[in-house]
Structures are given as structure tokens and as C-alpha cells.
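Reading the structure
What follows is each chain in one-letter form.
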Amino acid sequence: MSNIESVLVENRVFPPPEAATKGARISGMDAYNALCDEASKDPDGFWSRLARENIVWNKPFTKVLDESNAPFYTWFDDGELNASANCLDKHMGTAAENKDAIIFEADDGAVTRVTYKELLGRVSQFANALKAQGVNKGDRVLIYMPMTVEGVIAMQACARIGATHSVVFGGFSAKALHERIIDAGAVAVVTANFQMRGGKELPLKSIVDEGIAMGGCTTLKSVIVYMRTPTACNMVAGRDTTFAEVLQGQSTDCKPEPVGAEHPLFILYTSGSTGKPKGVQHSTGGYLLWAKLTMDWTFDIKPSDVFWCTADIGWITGHTYVAYGPLAAGCTQVIFEGVPTYPNAGRFWQMIEKHKVTVFYTAPTAIRSLIKAAETDEKVHPKNWDLTSLRILGSVGEPINPEAWMWYHRHVGGERCPIVDTFWQTETGGHMITPLPGATPLVPGSCTLPLPGIMAAIVDEVGHDIPNGSGGMLVVKRPWPSMIRTIWGDPERFKKSYFPEEMGGKLYLAGDGAVRSADRGYFRITGRIDDVLNVSGHRLGTMEIESALVSMTELVAEAAVVGRPDDLTGEAVCAFVVLKRSRPVGDEAKQIANVLRNWVAKEIGPIAKPKDIRFGDNLPKTRSGKIMRRLLRSIAKGEAITQDTSTLENPAILEQLAEKL
Ligand code: WTA
């Protein structure tokens, strides 16, 4: 049974266990409904109460939401705060001061602990170092770091001095880095010589060098290198310095710089429907409020919790639920450098036991691959470890199929832990639609209901509501504090992508299809409705991959990329390619396909490598020359073509493209 079918017949309901409702911040559906009522009756009152209760303001705000320049909404605009002070300084003199903020487990299993007080000292020292390197308030700093304490320190240090960070995932290519340095106008790059993953030492600094060598990085003044391993790397005199060098002589005191609530805390690039990634710009005040609140609401986080979010800091999940949320909430968190399958696929379970993790947050792709591993090797099955410390489980990044949900529930959660299936996006800053562990009855495969204050709805192309039980487009009808503020340097694209005129210009268009169940009104996300793919929970634009392919000008004439369902990665990239030479077959086709895959890895990053490549003499086009992607999607899935092909100029091409390598 396919995922969609099994979700459609899903009628299992799991009410929250008593242990989860007891003492929960939002305990029971009445409490949830009361918050929703408060939010809809007096939104300004609701948000200002929460912002006063959850954020330490240097200067209190007097305005809440300002819609005068919609859709460029602002929140708490005249208030001032510092994000790092709200994550660190706030805990000084409290019980959290000497508690572990971070338990870091390296790839090789070595464990380092950092208390809140120590972290404050280290962040402050690096903040001073950044200032000494000439980084000022408002400057952009690009961070290209492995999962390390130092990665979080770099982000927090930027926040501390009011510099805007832009973290680039360590798996992205030199070209991707180059584009982002230029687009953001970065003055500094913070990186590491190497990263350790799965027992292997992988280069980072040499990729930075290669990116900068592509030219045009005119704003860039310095590169700061964390020596993760003893292996030397190339250092450019006058531009590159090590962490140890920049930290030398710097004080561990650094006054946090108050910034306006709308000051850009960070820019994070993500894929959209065109070839160019979008720099999603987030605010300081509204973003941080939501990071803190969703830790409290979705994870019901307590000071005694050991929270572990497995996401990399290069993604939004690693921003909100590694670098900011857990620290703002004052809990202890685990940060893991390595991969879930090294030294074996029991690593996650072993770490949960070792660190007594209470709240565990990961992606469906990881769960699916660990299920597969446990099914083939009993020794890595979670039953081999004591997971009784766990009280809440979370899922993020892609739809979780009910089969994986049930396994997670049974074998990891011991049928005791609520699973919060959190739907959200880079653009939303934090959770949007998610169960609450102490309130919401769970239905496997459904992200259930919006958080209080989030006016999610399902509409048609012109923005009219669609009744429960029918599919449509997911929108948010009212602004919320942690929403994207703009696309860095491209306000027009921001308006067009997220607040389309056809819908009246006031609805936030998520880009996902969704349906609400007829009985409970629960949301289920059916997948992207634009040209964005979700491979292992990573967002990729089909156009980005197409432009990467056609940029191989000697070889490729034309390319079209679509997604197809994949049991393990959720979706897989499928590329249809027309070469400048004759169509290759057999071994030669395989060889060329590999050349193309490696090219894409080099252009974008290994995560974008097409799983399937098909060669054709042409692509299926209408007589007006438009590529019929619908057909390509069917071919990619291996479906028989049932669609009308009468408008197709070259129907014979379909058979050719259906041929697997
Ligand atoms: C998808 C990741 C179903 C969705 C936080 C969205 C999900 C895109 C879920 C954003 C979920 C995320 N159920 N689909 N619980 N969470 N998605 O920006 O398609 O990397 O639009 O943010 O992931 O991906 P992004």
C-alpha cells in the first residue's frame, strides 16, 4: 500500500498518555482551545503577553504587529533585545548557570560537556574576536562549519554583536558557497579545516578556498578556521586565521549589543521554484520568541530535560532547535557530530541511553533507514538499549508514513511517548502545525492542528476556503511573529512567492498541498505543489538541478528534473537528459550518467545527485515547446501513461525515456 493510501485509511487514534498530560504546559484540549481563543479574540494582546513573558527586552516594545507595509510585516518593532543574551546571560545567577548547556558527542564517541556559564564565556570571547577581525553590527558572516560546539558558538557570537549570520550546510559545494558569499555580501567566513563524519576526515576549508577563488567576493575580508583535526590546511596570509589565533588575548566578557526587534538575526538560503536559492531573512525578536515558545509548547520542555535534535546547524531545524531554542529554554541538549550509521546503525539508540535523552527530535528518513538496518541486523535494533529516559519523540522535515510512525512509537517510544509530527518550513522560523504532547490525540501520518495563533487553512487557487476532506493549498491567513521578513536583496520575489496577488496578496502561501480530515479537521501534508523536491528532508529545487546539468555545456543540450516517490528518502531526484551527441546506451550511458551525477555534486552538493538519469533524443514537449513535466513524473514513477498525449509533438519519445539505465 502506498503512503497516501495507507494515510487515507488511517483510523488509529492515540490519546495523550496521562504521564504526558500531567504537569504539561498545555494540558488537555481545553487548554489548547483556550489559547486559540485568546489568539483569535485579541491577537495583539495574545502576542504581546507572550513576548513580554518569554523574552528579555532591553527596551520594551510598544507596537505589536504593524501591517502598514504588508506583506512586509513587522513585529515588536520599537523593542530592543539581544538574542544571545536571551539564550545565555538570562540564565546567569539561576539554577541553570552551572548546568550543562551542551553535551557534545564527537564522531569517534568522545564526549565534551559545556555549562551555560562556560558557553557564555566562549561565545563572548569569540564575539570579541569577531569584532577584532573588523566584523560590525549589521555585517554578514558566513558560517560553513561541521556539527560542533564551535558552530553554535559562531552563530551565538554573531547574534551577540548584532552581525547577521548565514550558515551554509557543510555538504554544499564551492560554487554554492561562492554564490552565497556574494549574495549575502559576507565580510567574514567561519569554517573548519575538516569535518569528521563516519570515521572519515572530509575537507571544508579547501572548499571555501575554491569558492573564493571563483572571484568576485569583494566584501570578504577574513576567513576564520577552526582546527577540528590536527591535519594542516592551506592558510592564505593576511586573510586566514585560526580560531586559536583570533581568540588569543580576547576577554571572555562581551556586552551583548541590543538590536531592534526587526534586526536580521540570520539569512538562510533555501530552494525555491527558480534556479537561484532564496536568502530567507529572519528577524531577531519575533523569531526568538517563537523558538522559545515552541520549545515550551511542542516539546513541553522542562529545565530537567535532555533534548536532542539531530538536525545539522546548516538547516533551519538546526537553527531553531539547536542553536537558539534549547538555549533560550534553558535545558541541556545533545549535539552530535557524526552520522546515525557509524560505527553502526545503533548509534542513536546508544546515545539516547548514554546521555539519558528525554526528548528526541529527528527526521523520517533517518527513522526509515534505521528501521531497515534493524530489520537486517538484530544487533542494531533499539530493543538492545535502555530507552526509558525518553518521554517525547518528534519528527520533522517530510511526511512520516504511518508504518514508520508506528515503529518509532513502538520500538523507540515504548508505546509511552507522544510523537509530535511537526510541520514547518525555513520560512516559518518554527513549528506551525503540530500535535501538543500533553493535549492532542495523535493520528499516525498527520501533523494534526496548528499551534495557537497560527491561522492555517486550506484554499483553492484564488484563496477561497476548501471544506474538510478535500485537498487544496496550505496557507496561513494572519501574520505570525517568526515569519520570513523578506528574501535578502529581492523583496519582489518575496511578495510573488509567498503572497501571490491571485490570492489577494494577504495569504501566506506555504507551497505545500494539504487536506484536513473530515472528522477532526486534522491537517495532513500531501507534498509540495511547486518545483521543490524533498529528498531525505532536504529541500532541492528542480530548476537548480536543471541549471546545474545544462551548465555542462559541452555535453548537455537539455535537461528536465522531477521527483519520484522513494521508500527510503521520501522523494528521489530523476533527471531526463538530452545530450549534444547521440543518445548513449548500455555501459556508455551508465558512464555518462555518473559523470553527470558527479557534476551535480560539484555544482550544488552530493545531496542533489540525481538517483535516476534517463537519456532521450528529445524531451516530451507540446507543440508550443513546453516540456510536459506531468508526463515525466509518471515516467519517473514507472507508471503507464494514461494522460492525454495528443498535444505532444513527439509521442515516441516517451518509450525511450521510460528505459532504465
Ligand atoms: C516539508 C524543514 C510533512 C514540507 C523544517 C515543507 C513536512 C518543507 C513536514 C520545508 C512534516 C516539513 N510533514 N512535510 N512534518 N515538515 N515538511 O524549509 O514540504 O527544509 O514545505 O524546513 O518540508 O522544508 P524546510
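All values reported here derive from a predicted model rather than from experimental measurement.

Thoughts on the overall build of the chain
Helix and strand counts for the chain come out as 20 helices and 30 strands. Relative to its length of 661 residues, the chain is compact, with a C-alpha radius of gyration of 24 Å against a globular reference of 26 Å. Structurally, the chain occupies a C-alpha span of about 75 × 65 × 60 Å along its principal axes. Summed over all atoms, the accessible surface of the chain reaches about 24700 Å², with 52% contributed by carbon and sulfur.

As for the confidence of the model for the chain
In low-pLDDT segments, the atomic positions of the prediction should not be examined closely. Here the chain averages 96 in pLDDT, while 99% of its residues score no lower than 70. Counting contacts from residues 1–5, a segment whose pLDDT is below 50, to residues more than four positions away or on other chains yields 5 contacts.

What about unusual backbone geometry?
Cis geometry is adopted by the peptide bond preceding Pro71, which originates at Ala70 and carries an omega value of 0°. Among the structural elements, Pro71 can be located in the loop between strand S1 (65–66) and strand S2 (74–75). Omega for the bond connecting Tyr342 with Pro343 falls within 30 degrees of zero, at -5°, which places this linkage in the cis form. Within the secondary structure layout, Pro343 lies in the loop between strand S17 (332–336) and helix H13 (347–355). A positive phi angle is found at Phe76, which is not glycine, with a value near 55°. With respect to the helices and strands, the residue Phe76 is situated in the loop between S2 and strand S3 (80–81). A positive phi angle, near 55°, is found at Glu415, a position not held by glycine.

A look at the UniProt feature "binding site: ATP" (unreviewed entry) in the chain
Those places that UniProt annotates as "binding site: ATP" (unreviewed entry) correspond, in this numbering, to Gly397, Glu398, Pro399, Asp421, Thr422, Phe423, Trp424, Gln425, Thr426, Asp512, Arg528 and Arg539. Mapped onto the elements, Gly397 comes out in the loop between strand S19 (392–396) and helix H15 (402–412). Taking relative accessible area as the criterion, Gly397 reaches 35% and is therefore assigned partly exposed. Excluding residues within four positions of it along the chain, Gly397 makes contact with Thr422, Asn534 and Gly537. When you line up the elements, Phe423 lands in the loop between strand S20 (419–422) and strand S21 (456–459). Judged by its relative accessible area of 11%, Phe423 is buried. Once residues within four sequence positions are removed from consideration, Phe423 is found in contact with His431, Met432, Ile433, Cys447, Leu474, Asp512 and Ile525.

Examining the environment of Gly505
Following the sequence through the fold, Gly505 ends up in the loop between helix H16 (491–498) and strand S24 (508–516). A C-alpha to C-alpha distance of 12 Å links Gly505 and Val475, two positions 30 residues apart in sequence. Those residues in contact with Gly505 that lie beyond four places of it in its chain are Phe499 and Pro500.

Looking at the side chain of Asn193
With respect to the secondary-structure elements, Asn193 resides in the loop between strand S8 (186–192) and strand S9 (194–197). What makes Asn193 buried here is its relative accessible area of 1%. Side-chain polar atoms of Asn193 contact the backbone oxygen of Thr231, separated by 2.8 Å. If we skip the residues at most four places from it in the chain, Asn193 touches Pro203, Leu204, Lys205, Val225, Tyr226, Met227, Arg228, Thr229, Thr231 and Cys233.

Brief notes about the sheet that holds strand S18 (residues 359–362)
The strand order across the open sheet formed by 7 strands is S5-S4-S17-S16-S18-S19-S20, and the pairing between neighbours is mixed. Looking at which strands have only one partner, the edges of the open sheet turn out to be strand S5 (111–115) and S20. Across the sheet, the mean angle separating the axes of adjacent strands is 20° when strand polarity is ignored. As paired elements, strand S16 (residues 306–309) and S17 share 3 bridges and run parallel to each other. Within S17, the residue paired with Val306 across the bridge is Thr332.

What to know about the pattern of salt bridges
This structure, assessed with the given rule, holds 43 salt bridges. A salt bridge links Arg485 to Glu262, with the nearest nitrogen and oxygen atoms 2.8 Å apart. A residue pair is termed long-range when its members are at least 10 positions apart, and Arg485 in the loop between strand S22 (471–476) and strand S23 (486–487) and Glu262 in the loop between strand S13 (259–260) and strand S14 (266–270) qualify at 223 residues. Both residues of the pair, Arg485 and Glu262, count as buried.

Notes on the packing of helix H17 (residues 542–550) against helix H18 (residues 586–603)
Axes are the key here: two packed helices are described by the angle between their axes and the distance separating the axes. Two numbers describe how H17 lies on H18: the axes approach to 9 Å, and their chain directions differ by 115°. Note that H17 runs across H18; the crossing there is right-handed. In this structure, H17 uses Ile545, Ala548 and Leu549 to contact H18, whose residues at the interface are Leu596, Trp599, Val600 and Glu603. Partitioning the contact of H17 with H18 into residue classes produces 6 nonpolar, no polar and 1 charged.

Quick look at the environment of Arg410
Its location among the elements puts Arg410 in helix H15. With a relative accessible area of 43%, Arg410 lands in the partly exposed category. C-alpha of Arg410 to C-alpha of Thr332: the two residues are 78 residues apart in sequence and 26 Å apart in space.

Description of the domain arrangement of the chain
Split into domains, the chain comes out as domain 1 (10–82 + 272–313 + 321–428 + 436–528) and domain 2 (536–658). The distance between the C-alpha centroids of domain 1 and domain 2 comes to 33 Å. Here domain 1 packs against domain 2, burying approximately 960 Å² in sum over the two surfaces, 49% of which is carbon and sulfur. When the buried surface of domain 1 facing domain 2 is broken down by residue, Gly275, Thr365 and Arg368 rank first, second and third, together holding 37% of it. One can count 1 salt bridge joining domain 1 with domain 2. The closest approach of N and O atoms between Glu427 and Arg539, which form a salt bridge, is 2.9 Å. Top element by residues in the side of domain 1 that touches domain 2 is helix H14 (residues 364–376). It accounts for 4 residues.

Describing the packing of aromatic side chains
The final tally for this structure, using the stated rule, is 36 aromatic pairs. Measuring from centroid to centroid gives 5.9 Å for Phe172 and Trp315, while their planes differ by 65°, and the two rings are edge-to-face. Pair noted here: Phe172 is in the loop between strand S7 (164–167) and helix H8 (174–184) and Trp315 is in the loop between S16 and helix H12 (316–329), with a separation of 143 residues, a long-range link. For Phe172, a relative accessible area of 8% puts it in the buried group. Seen from their ring centres, Trp290 and Trp297 are 5.8 Å apart, and the 85° between their planes marks the pair as edge-to-face. Among the aromatic side chains, those forming a connected cluster through ring pairs are Phe46, Trp47, Trp57, Phe61, Trp75, Phe76, Trp290 and Trp297. The aromatic ring of Tyr522 is capped on one face by Arg520, whose charged end is 5.6 Å from the ring centroid.

A few points about the pairing of S19
For S19, a buried count of 5 out of 5 residues is recorded, marking the element as mostly surrounded by other parts of the structure. As paired strands, S18 and S19 are joined by 4 bridges and run parallel to one another. Each residue of the ladder has a partner; that of Thr362, found in S19, is Ser395. Regarding the hand of the β-α-β motif, the stretch spanning S18, H14 and S19 is right-handed.

The rules behind the values
Residues numbered from 1 in each chain as written. Predicted model: local features only at pLDDT ≥ 70, side-chain atom pairs only at ≥ 80, totals over all residues. Heavy atoms only, no water. Helix = DSSP H or I, 4+ residues; strand = E, 2+ residues; numbered from the N terminus. Rg over C-alpha atoms; globule rule 2.2 N^0.38 Å. Areas by Shrake-Rupley, 256 points an atom, 1.4 Å probe, with all protein chains shown as cover. pLDDT = per-residue confidence, 0-100. Contact = heavy atoms within 4.5 Å. UniProt positions renumbered as here; feature names shortened; annotations may be inferred. Buried < 20%, exposed > 50% of the residue type's maximum accessible area, 1.4 Å probe, protein only. Polar contact = N/O pair within 3.5 Å; in protein donor to acceptor, adjacent residues only side chain to side chain. Pairing = 2+ DSSP bridges. Axes fitted to C-alpha atoms, helices over the stretch in contact; angles between N-to-C directions. Salt bridge = Lys/Arg side-chain N within 4 Å of Asp/Glu carboxyl O. Left-handed = near helix turned anticlockwise from the far one by under 90°. Nonpolar A, V, L, I, M, F, W, Y, C, P; charged D, E, K, R; others polar. Domains from an automatic or database assignment. Buried area = accessible area lost by both parts, 1.4 Å probe. Phe/Tyr/Trp six-rings, centres within 6.5 Å; stacked < 30°, edge-to-face > 60°. Lys NZ or Arg CZ within 6 Å of the ring centre and 35° of its normal. Right-handed = clockwise from strand over helix to strand, strands pointing away.

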